[in-house]
Amino acid sequence: MSKQTFYLTTPIYYVNARPHIGHAYSTIAADVIARRHRLLGDDTFFLTGTDEHGQKVERSAAAAGVAPQQFADEVSASFRTLWDRMGITYNDYIRTTDERHKQGVQRLWKHLEERGAIYLSTYTGQYSIGEEMFVEGPPGTIGPDGKPTETVTEENYFFKLSEYQLPLIDRIESGELTIQPESSRNEVLSFLRGDLNAVIVRVYDESLFADAHLPSGTVVPAKLPVNPLDIAYDRGWVLKSASGKYYIPGALKDLSISRSSFKWGIPVPGDEKHVIYVWLDALANYMTAIGYGSDDPAMQERFARYWPADLHLVGKEITRFHCVYWPAFLLAAGIATPKSVVANGWLLFDDSKMSKSKGNVVRTETILDAFGTEVYKKQFPDSTKREQDLFGADVLRYFLLREIPFGQDGSFSFDAMITRYNADLANGYGNLVSRVLTMISSNFSGCMPVYPYEAPSEPKSLPLSILFEDKASSNNFFAFLRQAMEVIGVVDGKITSDAPWKLAKSDSPDDRVKLAASLYSACEAIRVITAYLYPIIPHATAKVWAQLGLGDIEAAAKNGELKNLEWGGLKPGTKLGELAPIFPRADKGLAQIMIDMENPTISTPSTTSTPSTTSPASVTPPAPSKLVDEKTTHTSAVPTDPTHPGAAPRTSALPEANPGATVGGSYAISTERPGTPSHTEAPASGPFAASAAGSSTPDTPQIAIDDFVKIDLRVAQIVVAERIPKADKLLRLEVDLGYEKRQILSGIAEWYTPEELIGRKIVVIANLAPRKMRGLESHGMLLAASHGENGKPVLATFGEEIALGSRLR
Ligand code: MSP
């Protein structure tokens, strides 16, 4: 009989940001599930990859001064390298710039076209570049990514999404497509059903409720005898799905699925001035990777074998794309829809989603390096880098899945990670293993005890497989691991009460049997626990398995030894493997080491491999407040060693021969003579900070360094500059801070033309409260010197290569 197949996917990651632990979180969860299905004997296929098209990537590449393909190659490789370092067991790595993918997407498009699902029309709307989607609202609306939208008018191809409202609702309500957690399912269903609350309000507004069901003039009681939606149904405002739930017909609108305002995408077949909407392109990866659209019979066979996907693992913010658009495309194309979508919550840092645009990311490499070298290598100086990496990866896997109930958001902190590691792995599981195996080693010559009577039975209090089974299979990692740790505590407690060290000292044959039984039982429990923990911490459990004398855990996973866990599986007499600590204790000081590793490093040409920040190998995006190392805030002038990570970059507006100037590389310098009346008050978000230039005069009150560090000065590049109609002095700028793009309005139109500004690197006050001018939001302020009598602003800029987002201090 052929094996049951299991096909699971991660989202494909955008290449405009380097990987951080938020990305690793999705991939880790997928790897755990894949490993578990493999050990259960399923023919498992695990796909991951990168999402490389779209305006966002095109712009990031342009800002970095490289071709989009080169840009994508580099970042895609950094994701893949990381997954390899972590021992992620993906079966294939799809890139949306792969030929196989492009061909598959174009074939899907043609197929949809042939089936009448696509039409051409024009559309003007607000487009969020960050989220690659149109959003409702007036010009300048703040998009879902927190940035102003752009008005885009395009002749677009549309997909007849509206036709799939009911089929999608039915599929989800019937469980044909399952969505977890419940909150994500509800969110998708309410999106599909439309705004039913508005309908209820209408029923009330039009007094239909009272008219239809209560004597006129009756006050509507708190508990309604009739559902207002029943009334709406009578009027035809709402309809019922197959399971009798209401929805508003027409609530789902057609979807624009092509773009002509940029080039970086897969051309629409037969109309190459359009590129295919990045989400249609991206979602199709799940099929193109396993052979959809391929001419190769082996790939076609693969597609037939694995499609439809059993599980798309996604972040909660992209469930709609996976549960509405994706199944709708497939229904329209007559292709089977995926069976389930499971959404993970967000890793937060300082209460907000860890993301490149917020700059509050923690890099996975930091954890691998820190735990690998500071904990593992210290214990095993001869260990290989590979072993150290895999150790660090296990620690991260365990921590993320144990700490955060899967599906919910959770905060990340280095301290919590170390505490959890020491408590659960070093002192809990690791200590139990070492305690038990050392006693076997010293009392039974390193062999599993042979006991003269029948095998000790599974303790009634610990029916291990039953305890673990349902939690492991429902992907409830959090509950499963909590339980595993409880069981470890119970086994540990049993050892303490058996006191085998006392039994070992006794000459009585009975005590010898008791000793054998106690240690055997503990080992059996360890074997079962280890088998269950294997998908979560595969590399550490491999070591425990080998120490138990059971050989290679990967081989055991393949041949079913990790799924049949009946009590008594350990053979007496089995020789233990070589014993060594599994989880050396981590020092508390490790947190600071990781914080230091994450601290923003201001790169200099000598340390920067790529000058761009959008491929920021050397520039850590600005750290969240917790991560900022206060020690590096200087009280003196610019540090002299430019390669020092804390060294502030020199601005060209910093005249070396101006000893009176405020230094620190931070303030614009006034060329006004001391005492010259200057613009003393900088207009908030105003044209230029230079008005503050007078601050270098002797009259200006001194400030403490604490005041200065509150100002977040960053290197940015102007990527868009344009005049604002009917505002002679203002320019609308879009600046790239490396970690995000912003709109800033600046009153420099009299002195600078938009053309001469584009591409310039400047200094921006990044943490200035946003403010509205001429109906447009300005997020920050440029720094400039105020020059001469008329206060001409001269923008602060740099004489040396400097990465975007670098902080001035
Ligand atoms: N390219 C799209 C997905 C296309 S799938 C056909 C995308 N890419 S992404 O790089 O922005 O995000 C990929 C995944 O990483 C998402 O599931 C997202 O939720 C996850 N994460 C990114 N930051 C995260 C956190 N801070 N925490 C948890 N997961 C996060 O969306």
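None of these values were measured; they are calculated from a predicted model. (Residues numbered from 1 in each chain as written. Predicted model: local features only at pLDDT ≥ 70, side-chain atom pairs only at ≥ 80, totals over all residues. Heavy atoms only, no water.)

Focus on the overall build of the protein
- Broken down by element type, the protein carries 25 helices and 29 strands.
- When burial is assessed residue by residue, the protein has 56% of its 809 residues classed as buried. (Helix = DSSP H or I, 4+ residues; strand = E, 2+ residues; numbered from the N terminus. Buried < 20%, exposed > 50% of the residue type's maximum accessible area, 1.4 Å probe, protein only.)

As for unusual backbone geometry
- Following Gln-180, the chain continues into Pro-181 via a peptide bond in cis, with omega recorded as -5 degrees.
- You can see Pro-181 is positioned in the loop between β8 (178-180) and α6 (182-193).
- At the junction of Trp-307 and Pro-308, the peptide bond is cis and its omega measures out at 5 degrees in the coordinates.
- Of note, Pro-308 is situated in the loop between α12 (297-306) and β15 (311-315).
- Residues other than glycine seldom take positive phi values, yet Ser-445 does so here, at roughly 50 degrees.
- When you line up the elements, Ser-445 lands in the loop between α16 (414-443) and α17 (464-473).
- The exposed category is assigned to Ser-445, whose relative accessible area is 61%.
- Residue Ala-499 is not a glycine yet carries a positive backbone phi of 45 degrees.

Regarding the side chain of Thr-10
- Here Thr-10 is to be found in the loop between β1 (5-9) and β2 (13-14).
- Reaching out from Thr-10, the side chain makes a polar contact with the side chain of Thr-48 at a distance of 2.6 Å.
- Setting aside chain neighbours within four positions, we find Thr-10 in contact with Ser-26, Thr-27, Ala-30, Phe-46, Leu-47, Thr-48, Gly-49, Tyr-286 and Leu-313. (Polar contact = N/O pair within 3.5 Å; in protein donor to acceptor, adjacent residues only side chain to side chain. Contact = heavy atoms within 4.5 Å.)

Considering the site of the ligand
- Residues in contact with the ligand amount to 26 residues; listed here are only the nearest, Ile-12, Asp-51, Gly-315, Leu-347 and Met-354.
- At a separation of 3.2 Å, a nitrogen atom of the ligand approaches a polar backbone atom of Gly-22.
- At a separation of 2.7 Å, a nitrogen atom of the ligand approaches a polar backbone atom of Leu-347.
- For the ligand, the protein covers 95% of the area, taking 660 Å² as the surface of the free molecule.
- Listing elements by their share of the shell around the ligand, those giving two or more residues are β2, α1 (21-39), α10 (278-283), α11 (285-288) and β15.
- Ranked by the residues each element gives to the shell around the ligand, the list is headed by α1, at 4 residues.
- Across the shell around the ligand, the residue classes tally to 14 nonpolar, 9 polar and 3 charged. (Near = heavy atom within 4 Å. Areas by Shrake-Rupley, 256 points an atom, 1.4 Å probe, with all protein chains shown as cover. Nonpolar A, V, L, I, M, F, W, Y, C, P; charged D, E, K, R; others polar.)

With respect to the confidence of the model for the protein
- Summarising the model, the protein shows a mean pLDDT of 82, and 81% of its residues fall at 70 or more.
- Note on residues 601-699: pLDDT under 50 across the span, and 223 contacts to partners over four residues away in sequence or across chains. (pLDDT = per-residue confidence, 0-100.)

Quick word on the sheet that holds strand β6 (residues 133-135)
- Strand order across the open sheet formed by 4 strands is β6-β5-β7-β11, with antiparallel pairing between neighbours. Every other strand in the sheet has two partners, leaving β6 and β11 (255-256) as the edge strands with one partner each. (Pairing = 2+ DSSP bridges.)

So, the pairing of strand β21 (residues 727-736)
- By the criterion of burial, β21 is predominantly enclosed, with 8 of the 10 residues buried.
- Here strand β20 (residues 713-724) pairs with β21 via 7 bridges, running antiparallel. Considered in β21, the bridge of Gln-717 is made with Asp-736.
- Looking at chain direction, β21 and strand β22 (residues 741-746) are connected through 6 bridges and run antiparallel. When the bridges of β22 are listed, Glu-734 appears paired with Gln-743.
- Joining the antiparallel neighbours β21 and β22 is a turn of 4 residues, in which Gly-738 adopts a positive phi near 85 degrees.

Thoughts on the packing of aromatic side chains
- As enumerated under the stated definition, the model contains 30 aromatic pairs in all.
- Taking 5.7 Å as the distance between ring centres and 55 degrees as the angle between the ring planes, the aromatic pair formed by Tyr-13 and Trp-83 counts as tilted. One end of the pair, Tyr-13, is in strand β2; the other, Trp-83, is in helix α3 (residues 68-85), and 70 residues separate them in sequence. When sorted by exposure, Tyr-13 lands in the same class as Trp-83, which is buried.
- In textbook terms, an aromatic cluster arises when at least three aromatic residues are bridged by ring pairs, as seen for Tyr-7, Phe-45, Tyr-286, Tyr-292, Phe-303, Tyr-306, Trp-307 and Trp-326.
- Taking the ring centre of Trp-237 as reference, the NZ or CZ of Arg-202 above it sits at 3.5 Å.
- When the ring centre of Tyr-233 is taken as origin, the NZ or CZ atom of Lys-240, which lies over that ring, is 4.6 Å away. (Phe/Tyr/Trp six-rings, centres within 6.5 Å; stacked < 30°, edge-to-face > 60°. Lys NZ or Arg CZ within 6 Å of the ring centre and 35° of its normal.)

Observations concerning helix α18 (residues 477-498)
- For α18, with 22 residues, the first-to-last C-alpha span of 31 Å sits near the 32 Å given by 1.5 Å per residue.
- One or two positions beyond α18, positive phi appears at Ala-499, with a value near 45 degrees. (Expected span 1.5 Å × (residues − 1).)

Considerations on the pairing of strand β5 (residues 118-128)
- Pairing between β5 and strand β7 (residues 150-159): 10 bridges, direction antiparallel. The residue bridging Gln-126 from the neighbouring strand is Thr-151, located in β7.
- The pairing of β5 with β6 spans 3 bridges and is antiparallel. Bridged to Ser-128 within β6 is Met-133.
- Counting the residues between successive antiparallel strands, the hairpin from β5 to β6 contains 4 residues, one of them, Glu-132, with a positive phi of roughly 55 degrees.

Some points on α16
- Taking 1.5 Å as the rise per residue, α16 with 30 residues should run 44 Å; its terminal C-alpha atoms sit 40 Å apart, in good agreement.
- Maximum bend of α16: about 40 degrees, positioned at Asn-431.
- Residue Ser-445 follows α16 closely and has a positive phi angle near 50 degrees. (Bend = angle between axes of the 7 residues up to and from the residue.)

Brief notes about the sheet that holds strand β17 (residues 347-349)
- The strand order across the open sheet formed by 3 strands is β18-β17-β19, and the pairing between neighbours is mixed. The sheet is open, and its two edges are formed by β18 (352-353) and β19 (410-411), each paired on a single side.
- As defined by bridge partners, β17 adjoins β19 across 2 bridges and the pair is classed as parallel. Across the sheet, Leu-347 pairs through a bridge with Gly-410, a residue of β19.

Quick word on the environment of Val-719
- Structurally, Val-719 can be placed in strand β20.
- The exposure class of Val-719 is partly exposed, given its relative accessible area of 27%.
- A C-alpha to C-alpha distance of 5.4 Å links Val-719 and Ile-758, two positions 39 residues apart in sequence.
- Once residues lying within four places of it in the same chain are set aside, the contact partners of Val-719 are Ala-63, Glu-734, Val-735, Asp-736, Lys-741 and Ile-758.

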